[in-house]
Amino acid sequence: VQLQASGGGLVQAGGSLRLSCAASGSLFNINVMGWYRQTPGKQRELVAAIASGSNTNYADSVKGRFTISGDNAKNTMYLQMNNLKPEDTGVYYCNARRVVAGSHYDFWGQGTLVTVSS
């Protein structure tokens, strides 16, 4: 599985960005896809995830501001980020998880930098 993230950039607080993650390769049994954020000195944290059947999950800090979605025809996942805050700054990684027989395997994109200025 190859993941190509794009859409990061510099934006002022209150602005919006849309991240995209294009997936290719063997997508068989990819059950969950998500966006993670990493900032210096901190562990990578889950921002939003979408599972088969379109169930979604969000970090409390982004609920009501971010929306995760997917386009199965294009094998692409999106993260619409509105009302951005400086604390949203970080490198955003897209993730695809394959769950097989009780085990899971994670695939990661290269990351895209989001910088929110105050």
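Check the entry above for the structure.
This section reports on the structure supplied with the text.

A look at the side chain of Arg65
- Here Arg65 lies in the loop between β6 (56-58) and β7 (66-71).
- Reaching out from Arg65, the side chain makes a polar contact with the backbone oxygen of Asn83 at a distance of 2.9 Å.
- Among the polar contacts made by the side chain of Arg65, one reaches the side chain of Asp88 at a distance of 2.8 Å.
- Discounting residues that sit within four places of it in the chain, Arg65 has contacts with Gln80, Met81, Asn82, Asn83, Leu84, Lys85 and Asp88.

Observations regarding the sheet that holds strand β3 (residues 17-24)
- Taken together, the four strands give an open sheet; going across it, the order is β1-β3-β8-β7, and neighbouring strands pair in antiparallel fashion. Each end of this open sheet is capped by a strand with a single partner; those strands are β1 (2-6) and β7. When strand polarity is set aside, the average angle formed by the axes of neighbouring strands in this sheet is 15 degrees.
- Judged from the six bridges that link them, β7 and strand β8 (residues 76-81) form a sheet pairing that is antiparallel. Directly across from Ser69, in β8, lies its bridge partner Tyr78.

Points about unusual backbone geometry
- Phi at Asn75 takes a positive value of approximately 50 degrees, unusual for a residue other than glycine.
- Here Asn75 shows up in the loop between β7 and β8.
- Among the residues examined, Asn75 registers a relative accessible area of 36% and is labelled partly exposed.

Criteria and cut-off values
Residues numbered from 1 in each chain as written. Predicted model: local features only at pLDDT ≥ 70, side-chain atom pairs only at ≥ 80, totals over all residues. Heavy atoms only, no water. Helix = DSSP H or I, 4+ residues; strand = E, 2+ residues; numbered from the N terminus. Polar contact = N/O pair within 3.5 Å; in protein donor to acceptor, adjacent residues only side chain to side chain. Contact = heavy atoms within 4.5 Å. Pairing = 2+ DSSP bridges. Axes fitted to C-alpha atoms, helices over the stretch in contact; angles between N-to-C directions. Buried < 20%, exposed > 50% of the residue type's maximum accessible area, 1.4 Å probe, protein only.

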